[in-house]
Amino acid sequence: MKLKNDKTLNIALTAVFACIVFVLSYLGSFVHIGAISFALTLIPIVLGGIYIGPWAGAFLGAVFGLTVLFTDVTALALLSINWFYAFLGCVVRGVIAGWLPAFVFKIAAKKSETVGAVVASVLAPIINTGIFSLCVFTIFEPYFTDLGQTLGYLDLGHFVLVGLIGLNFVFEFLTTVVITPVLAKPLLALKKRMERQIAPAFIRSFDVPGRKRQWSGEVSITLRRAVLYRTALLKC
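We now turn to the structure provided with this report. In this text the structure is predicted, and so the values were computed from the model without any measurement.

### What about the overall build of the chain?
Counting its secondary structure elements, the chain contains nine helices and two strands. Along the chain, from the amino end to the carboxyl end, the secondary structure elements read α-β-β-α-α-α-α-α-α-α-α. The buried share of the chain, reckoned over its 236 residues, is 38%. Put simply, 68% of the contacts in the chain that link residues at least 6 apart link residues at least 24 apart. Carbon and sulfur atoms form 70% of the exposed surface of the chain, whose accessible area is close to 13500 Å².

Structural data, given as structure tokens:
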């Protein structure tokens, strides 16, 4: 029962995070503050990966990539040129930027959740921008070279550094690194409280007054695992 409830809760939370990612991705395609894109999308992606797990981070990254692919003007232009490369540059990039930080957090959190959250927050914008830059200088090089020349930039490197990344990366990096760990701390604390409350209730569900317990088969194995799980939580 507990595993089923956990799975349902995780799916519901993933859906909530996905809605937030979609809205922020959509706004980021159209809303700009001067030359800076309104890029806050990585925050819910990293938070979802930290709270739920790497698979959720990958899914949220895919939502981000698909939204950008079909709403961003530049992505639409690339889609018309080569849909496969555009898919790699948007969706696959988003999946990696969502999965890898969550995976690193999962490992680092064994020693310190705070450090893990900070490391994940640092990795996400670096991976996102790094893969995008790699795509620009390789598979999208002809398109962005022509676009840079049309807009009056000296060369592709100047266009990427000043026109495409520059302040956008600084804004995305600072907001993700500052905001995400602050929000992750109460979320993780809430998760621990919920687990401590659910485990004892799960164990009590096997108690039948006036009847001798028969610990055999699957019930015995499940109950023993629950007892070990509760013991581990109490030691935390």
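### So, the packing of aromatic side chains
Enumeration according to the criterion identifies 10 aromatic pairs in this entry. Judged by centre distance (6.2 Å) and plane angle (85 degrees), the rings of Phe132 and Phe144 are edge-to-face. Of the two residues, Phe132 is situated in helix H6 (residues 113-137) and Phe144 in helix H7 (residues 141-150); the sequence distance between them amounts to 12 residues. Residue class for Phe144 comes out buried when judged on its relative accessible area of 0%. Taken together, the ring pairs connect Phe132, Phe140, Tyr143, Phe144, Tyr153 and Phe159 into an aromatic cluster.

### Considering the packing of helix H3 (residues 54-71) against helix H5 (residues 83-108)
One can describe the packing of H3 onto H5 by two numbers: an axis separation of 7 Å at closest approach and a directional angle of 155 degrees. Our classification of the angle between H3 and H5 gives roughly antiparallel. Note on packing geometry: the crossing formed by H3 with H5 is right-handed. Judged by residue contacts, Pro54, Trp55, Gly57, Ala58, Gly61, Ala62, Phe64, Gly65, Leu66, Val68 and Leu69 of H3 engage Ala86, Phe87, Cys90, Val91, Arg93, Gly94, Val95, Gly98, Trp99, Ala102, Phe103 and Lys106 from H5. Classifying every residue of the contact of H3 with H5 gives 16 nonpolar, five polar and two charged.

### Describing H7
When H7 is considered as a whole, its buried residues turn out to be Phe144, Thr145 and Gly148. The buried residues of H7 occupy an angular sector of 105 degrees when projected down its axis, which confines them to one face.

### Some words on the environment of Ala97
Counting through the fold element by element, Ala97 comes out in helix H5. Accessibility expressed as a relative area gives 2% for Ala97, which makes it buried. With 26 residues separating them in the primary sequence, Ala97 and Leu123 have C-alpha atoms 7.9 Å apart. Residue contacts for Ala97: discarding those within four places in its chain leaves Ala124, Ile127 and Asn128.

### Some thoughts on the side chain of Thr175
Note that Thr175 resides in helix H8 (residues 156-204). Look at Thr175 and you get buried, because its relative accessible area is 13%. Beyond its immediate stretch of four places on either side in the chain, Thr175 contacts Ala39, Leu40, Ile43 and Thr180.

### Overview of the nonpolar core
Membership of the largest hydrophobic core comes to 42 residues, with the highest contact counts inside it found for Val21, Ile45, Ile50, Leu60, Phe105, Phe144 and Leu156. Setting aside residues up to four positions removed in sequence, Ile45 forms contacts with Val21, Gly57, Leu60, Gly61, Phe64 and Gly98.

### Re H3
Between its first and last C-alpha atoms H3 spans 26 Å; for 18 residues at 1.5 Å apiece the expected length is 26 Å, and the two agree. With 14 of 18 residues buried, H3 lies mostly within the body of the structure.

### Observations concerning a nonpolar patch on the surface
Taken together, the side chains of Leu66, Phe70, Leu76, Trp83, Phe84, Tyr85 and Phe87 make up a nonpolar region of the molecular surface, amounting to roughly 710 Å² of accessible area. Listed by contribution, the elements that provide at least two residues to the nonpolar patch are H3 and H5. It is H5 that contributes the most residues to the nonpolar patch, four residues altogether. Within the element layout of this structure, Phe87 appears in helix H5.

### Re the environment of Gly163
By the element assignment, Gly163 lies in helix H8. Exposure remark for Gly163: the relative accessible area of 31% places this residue in the partly exposed category. Along the primary structure Gly163 and Gly148 are separated by 15 residues, whereas in three dimensions their C-alpha atoms are 8.4 Å apart. Sequence-distant contacts of Gly163, that is, excluding residues within four places in its chain, are made with Tyr153, His158 and Asn168.

Quick notes on the rules
- All chains use their own residue numbering, which begins from 1 and follows the written sequence.
- Selection of residues for local features in this predicted model requires a pLDDT of at least 70, selection of side-chain atom pairs for listing and counting requires 80 or more, and totals for whole chains, interfaces and linings are taken over all residues.
- Just so you know, side-chain values use all the structure's heavy atoms and leave hydrogens and water out.
- In this text, helices come from DSSP runs of H or I with a minimum length of four residues, and strands from runs of E with a minimum of two, each type numbered from the N-terminal end.
- Here's how the labels work: a residue is buried when its accessible area is under 20% of the maximum for its type, exposed when over 50%, partly exposed in between, all with a 1.4 Å probe on protein chains only.
- Only heavy atoms enter the contact rule, under which two residues are in contact if any of them lie within 4.5 Å.
- Only the protein chains shown count as cover for residues, and the accessible areas themselves come from Shrake-Rupley with a 1.4 Å probe.
- Pairing of aromatic rings covers Phe, Tyr and the six-membered ring of Trp, with a centre-to-centre limit of 6.5 Å; geometry is then stacked below 30 degrees between planes, edge-to-face above 60, and tilted otherwise.
- The axes are straight lines fitted to the C-alpha atoms, using for helices just the contacting stretch, and the angles between their N-to-C directions are given from 0 to 180°.
- Roughly parallel means an angle under 35 degrees; roughly antiparallel means over 145; roughly perpendicular covers 65 to 115; every other angle is labelled oblique.
- What makes a crossing left-handed is the near helix being turned counterclockwise from the far one by less than a right angle; a clockwise turn instead makes it right-handed.
- Residues are grouped as follows: Ala, Val, Leu, Ile, Met, Phe, Trp, Tyr, Cys and Pro are nonpolar; Asp, Glu, Lys and Arg are charged; all remaining types, including Gly, are polar.
- Of all possible arcs, the one meant is that of the directions from the helix axis to the C-beta atoms.
- Joining through side-chain atoms within 4.5 Å is the link that ties buried Ala, Val, Leu, Ile, Met, Phe, Trp, Tyr and Cys residues into a set, and such a set is a nonpolar core.
- Given the number of residues in a helix, its expected span is that number minus one, multiplied by 1.5 Å.
- Residues enter a patch when their relative accessible area is above 30% and they make no salt bridge; the linking distance is 9 Å between like charges and 5 Å between nonpolar side chains (Val, Leu, Ile, Met, Phe, Trp, Tyr).
- Definition used for salt bridges: Asp or Glu carboxyl oxygen within 4 Å of a side-chain nitrogen of Lys or Arg.

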